[in-house]
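Descriptive structure summary
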Amino acid sequence: MHSYDVIIIGTGAGGGTLARHLAPSGKRILLLERGDWLPREPQNWLAQDVFVDNRYVSEDTWYDGDGKAFQPQIHYFVGGATKLYGAALYRLRAEDFGELKHHDGVSPAWPISYDDIEPYYALAEQLYEVHGAHGEDPTEGFASAPYPYPAVSHEPRIQQLSDDLEAAGYHPFHAPCGIRLNESNMPYSACVRCMNCDGFACAVHGKSDAEVLGVRPALEHPNVELVTNAHAVRLETNDAGTAVTGVVVERRRFMAASSSRWRAAPPTPRSCFCSPRPTSIRTGSRTARIRSAATTCSTTVRPFSR
């Protein structure tokens, strides 16, 4: 049995950000990620691999309300979907939090307002190193702080379009971008301003994603632990069902096969619940089954020390 003060399921935009925010607290924090680290490889920037072969898309099959199967196009990696997002980090407008009538119906009002969440937008923009210029867009809401980095400069053709639109009475504005770009000192810039950003993984960690700016800084604290390939399958609660008391995790450990026996791969440092065992498939009262050169085991972790 393993006990933690905080258990975070998923390391995407929500989980990765929360982990970094809580890491300095000193609380014992466990991060559970269903996937693994997204590999850094040439295919990160190859359109054939990314968009045609779906190299980084999960193999899941989901079903809609009518039982029709579909491919959800989701990603299980440290950093979640932010590993492949376009890094355009817009705020919702104040009107978006109220009731809105659309062609297809009514979008009900949120229980919170733009003013309630505005301070957190400002914090997130700092955390994710957003480039932009508040005040250019007349439809945006109040901003309590400027973007931490200047807007990304337009390419020549885009600059021409922006000038023409402005001359015609419109209000073009720079998109707020979460990229680790330093245009004033490109030799030291993480982002190289390539053509492969939206939909691609960044091979040089130039994108402001939840792995690079959330999980990695959190793991620099000794009280934070990450377990990859960990599928949270069930939450345990108290008898009243009012509080979560544990998380049941299924973890796949991939094996290396020799000519005569299975050999356990070395465990990831600080990350494995299950001790590597050779061909013996019974571990205590639990059974680990060998499937497709992998073992599957489950354990329970508790969010509070007792």
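The text that follows walks through the structure, step by step, so that each part is easy to find. (Residues numbered from 1 in each chain as written. Predicted model: local features only at pLDDT ≥ 70, side-chain atom pairs only at ≥ 80, totals over all residues. Heavy atoms only, no water.)

Quick word on unusual backbone geometry
With the exception of glycine, most residues fall at negative phi, and the peptide bonds are largely trans. Which entries qualify depends on this criterion: Only protein chains enter the accessibility calculation, which uses a 1.4 Å probe; a residue is then buried when its area is under 20% of its type maximum, exposed when over 50%, and partly exposed in between.
Look at histidine 205: it is not a glycine, yet its phi comes out positive at around 55°. According to the relative accessible area criterion, histidine 205 is buried, its value standing at 12%.

Considerations on the pattern of salt bridges
This is how it is decided: Whenever a carboxyl oxygen of Asp or Glu lies within 4 Å of a side-chain nitrogen of Lys or Arg, that contact is scored as a salt bridge. Numbered from the N terminus, helices here are DSSP runs of H or I no shorter than four residues, and strands are runs of E no shorter than two.
Counting across every chain of the model gives 12 salt bridges. A salt bridge links lysine 83 to aspartate 209, with the nearest nitrogen and oxygen atoms 3.0 Å apart. Here the residue lysine 83 occupies a position in the loop between β5 (69-70) and β6 (100-102), and aspartate 209 occupies one in the loop between α4 (156-167) and α5 (211-219), the gap between them amounting to 126 residues. A residue is classified by how much of its surface remains accessible, and lysine 83, at 3% relative accessible area, is buried. Shared partners join several salt bridges into a network, and the residues in it are Lys83, Asp209, Glu211 and Arg216.

Some words on the state of the cysteines
Short version of the rule: Note on terminology: disulfide denotes any pair of cysteine sulfur atoms within 2.5 Å.
Going through the model one piece at a time under the given rule, you end up with 0 disulfides. With no disulfide of its own, cysteine 177 has cysteine 197 as its nearest cysteine by sulfur position, at a separation of 7.8 Å. Here cysteine 197 stays unpaired: no disulfide links it, and the sulfur of cysteine 194, its closest cysteine neighbor, is 6.4 Å away.

A word on the side chain of histidine 174
Selection criterion: Nitrogen and oxygen atoms within 3.5 Å of one another constitute a polar contact, given that in protein one can donate a hydrogen and the other can accept it, and given that sequence-neighbouring residues count only through two side-chain atoms. Contacts were defined at the residue level, with two residues in contact if any of their heavy atoms lie within 4.5 Å.
Relative to the assigned elements, histidine 174 resides in the loop between α4 and α5. In this structure the side chain of histidine 174 is engaged in a polar contact, spanning 3.2 Å, whose partner is the side chain of histidine 154. Every residue in contact with histidine 174, bar those within four places of it in the chain, is listed here: Glu136, Ala151, Val152 and His154.

Some thoughts on the pairing of strand β8 (residues 224-227)
Note the threshold: Any two strands with at least two DSSP bridges between them are considered paired.
Here β8 shows no split at all, with Val224 and Leu226 on one side and Glu225 and Val227 on the other all buried. Where strand β3 (residues 29-32) lies against β8, 4 bridges are found, and the strand directions are parallel. Bridging from a neighbouring strand, isoleucine 29 pairs with valine 224 of β8.

Interpretation note: all reported values are geometric properties and have no functional meaning in isolation.
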